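Fold and geometry: a report
Spelled out from the first residue to the last, the chains are:
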Amino acid sequence: MVAVLCRVRIAAFRAPTGAPLAAGAYLRSRGLSTRADVAAASPPNVVGSAPKPPAKLIFEGPKASILQILKGCSIANLAFSLASAPAVVLLSTSGSPTSRALLIATVVTFSVSTTAMLHVASKPYVTAIHALPESRVRISTVSFLARISSQDVALAELGPAGSLRLFANMTVSGRSLYVDPVGVTHDEEAMRKIWARCDPVSVPSS
């Protein structure tokens, strides 16, 4: 009796020609759906923000890589000064605790001030400009942590910086920017529209 039942079950998994059926084909033959069928019918689950629109590189700042290295070294020096300050004060035996504390305070203050000044001076520097659809551009700069930060703005939002803003020849929504006149231009026509909105004294001669 058991042998007969086993033969019946095996026969159920065979195609009309006698060849064995795969599990997915057997389920479909019975009107059932497999996991692959469900996945193909379901829309993809997109997690996170929508992808950025396609961009075309039209300008590169020549000092972008050097600026990232300088900021990275400055941040590393600041982190080392802050991390080693308590150990130097507690473990060092030379001088009084007050003199050691003053020395470490001087070193930390110097590291903080140089890092802050470097960030203020280099923050407006534009590392790259990409053209976007609908008369928009993507402007990239170097953040405080030496990472590339991008901002998408309309071309109409760009304007000259004026003489009151240091280290800048352009502004966007009140933010100072500096487009290097000796940068690498990949699209002359697109950059001509951007140079028209910069301070005239900073526009490279054609």
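What this report covers is the structure whose coordinates are included nearby.

The rules behind each value
- Throughout, residues of each chain are indexed from 1 in the direction in which the sequence is written.
- The predicted nature of this model means local features are confined to residues of pLDDT at least 70 and side-chain atom pairs, given and counted, to a pLDDT of 80 or more, with totals for whole chains, interfaces and linings taken over all residues.
- Side-chain numbers here rest on the full set of heavy atoms in the structure, without hydrogens or water.
- The salt bridge criterion pairs a side-chain nitrogen of Lys or Arg with a carboxyl oxygen of Asp or Glu, the two atoms within 4 Å.
- Secondary structure counts use DSSP, requiring at least four H or I residues in a row for a helix and at least two E residues in a row for a strand, with both numbered from the N terminus.
- In this scheme, a residue with accessible area under 20% of its type's maximum is buried, one over 50% is exposed, and one in between is partly exposed, where area comes from a 1.4 Å probe on protein chains only.
- Paired strands are those between which DSSP finds at least two bridges.
- Comment: arc refers to directions from the helix axis out to C-beta atoms.
- Only heavy atoms enter the contact rule, under which two residues are in contact if any of them lie within 4.5 Å.
- Counting of polar contacts relies on pairs of N or O atoms within 3.5 Å, with two restrictions inside protein: one atom must be capable of donating a hydrogen and the other of accepting it, and residues adjacent in sequence are counted only when both atoms are side-chain atoms.
- Pairing of aromatic side chains requires ring centres within 6.5 Å, counting the rings of Phe and Tyr and the six-membered ring of Trp. Pairs whose planes differ by under 30 degrees are stacked, by over 60 edge-to-face, and all others tilted.
- Throughout this description, the term nonpolar core refers to a set of buried Ala, Val, Leu, Ile, Met, Phe, Trp, Tyr and Cys residues connected via side-chain atoms within 4.5 Å.

Quick word on the pattern of salt bridges
For the coordinates displayed, the defined rule picks out three salt bridges. Among the salt bridges present, the one from D180 reaches K63, with a minimum N-O distance of 2.8 Å. Of this pair, D180 sits in the loop between β7 (175-177) and β8 (184-185) while K63 sits in the loop between β1 (56-60) and α4 (64-91); the two residues are 117 residues apart in sequence, bridging distant segments of the chain. Here D180 falls in the buried class, since its relative accessible area comes to 3%. Among the ionic pairs, D152 bridges to R138, the shortest N-O distance being 2.8 Å. Of this pair, D152 sits in strand β4 (residues 148-154) while R138 sits in strand β3 (residues 136-142); the two residues are 14 residues apart in sequence, bridging distant segments of the chain. In this structure D152 comes out as partly exposed when scored by relative accessible area, which is 28%.

Some points on the sheet that holds strand β6 (residues 170-172)
In space, the three strands of this open sheet follow the order β5-β6-β7, with antiparallel pairing throughout. The sheet is open, and its two borders are formed by β5 (158-159) and β7, each paired with just one other strand. As paired strands, β6 and β7 are joined by three bridges and run antiparallel to one another. Looking at the pairing, M170 lines up with L177 of β7.

Regarding helix α6 (residues 188-195)
Because each turn of an α-helix spans 3.6 residues, side chains separated by three or four positions in sequence point in the same direction. Listed as buried for α6 are A190, M191, I194 and W195. Each buried residue of α6 sits inside an arc of 140° when the element is viewed along its axis, so together they form one side. Summarising the geometry of α6, the exposed residues directed more than 90 degrees from the buried face are E188, E189 and R192. Where the residues of α6 are buried, they touch β1, β2 (126-132), β3, β5, β6 and β8. By the N-cap criterion, in which a side-chain oxygen at the helix start approaches the backbone nitrogen of a residue two or three places on, α6 is capped by D187, the distance to E189 being 3.2 Å.

Concerning the side chain of N169
Secondary-structure assignment places N169 in the loop between β5 and β6. Reaching out from N169, the side chain makes a polar contact with the backbone oxygen of V179 at a distance of 3.0 Å.

Things to note about the packing of aromatic side chains
Applying the stated criterion to the full structure yields two aromatic pairs. Ring geometry for F59 against W195: centres 6.3 Å apart, planes inclined by 90°, an arrangement best described as edge-to-face. Pair noted here: F59 is in strand β1 and W195 is in helix α6, with a separation of 136 residues, a long-range link. With relative accessibility at 0%, the residue F59 sits in the buried group. A residue is classified by how much of its surface remains accessible, and W195, at 10% relative accessible area, is buried.

A short note on the pairing of β3
Counting buried positions along β3 yields six of seven residues, so the element is predominantly enclosed. Pairing between β2 and β3: six bridges, direction antiparallel. Residue pairing in the sheet places V126 in a bridge with T141 of β3. In this antiparallel pair of consecutive strands, β2 and β3, the connection spans three residues, and E134 shows a positive phi of 60°. Between the antiparallel neighbours β3 and β4 lie five residues, among them A146 with a positive phi of about 65°.

Regarding the nonpolar core
I129, V137, L158, V179, M191 and I194 are the most contacted members of the largest nonpolar core, which has 18 residues in total. Contributions of two or more residues to this core are made by β1, β2, β3, β6 and α6. In terms of residue count, α6 provides more of this core than any other element does, four residues in total.

Some details on the sheet that holds β8
Taking strand neighbours across the sheet as the criterion, the five strands line up as β4-β3-β2-β1-β8 in an open arrangement whose pairing is antiparallel. Because the sheet does not close on itself, it has two edges, and the strands there are β4 and β8. Pairing between β1 and β2: four bridges, direction antiparallel. Within β2, the position partnered with E60 by the bridge is A128.

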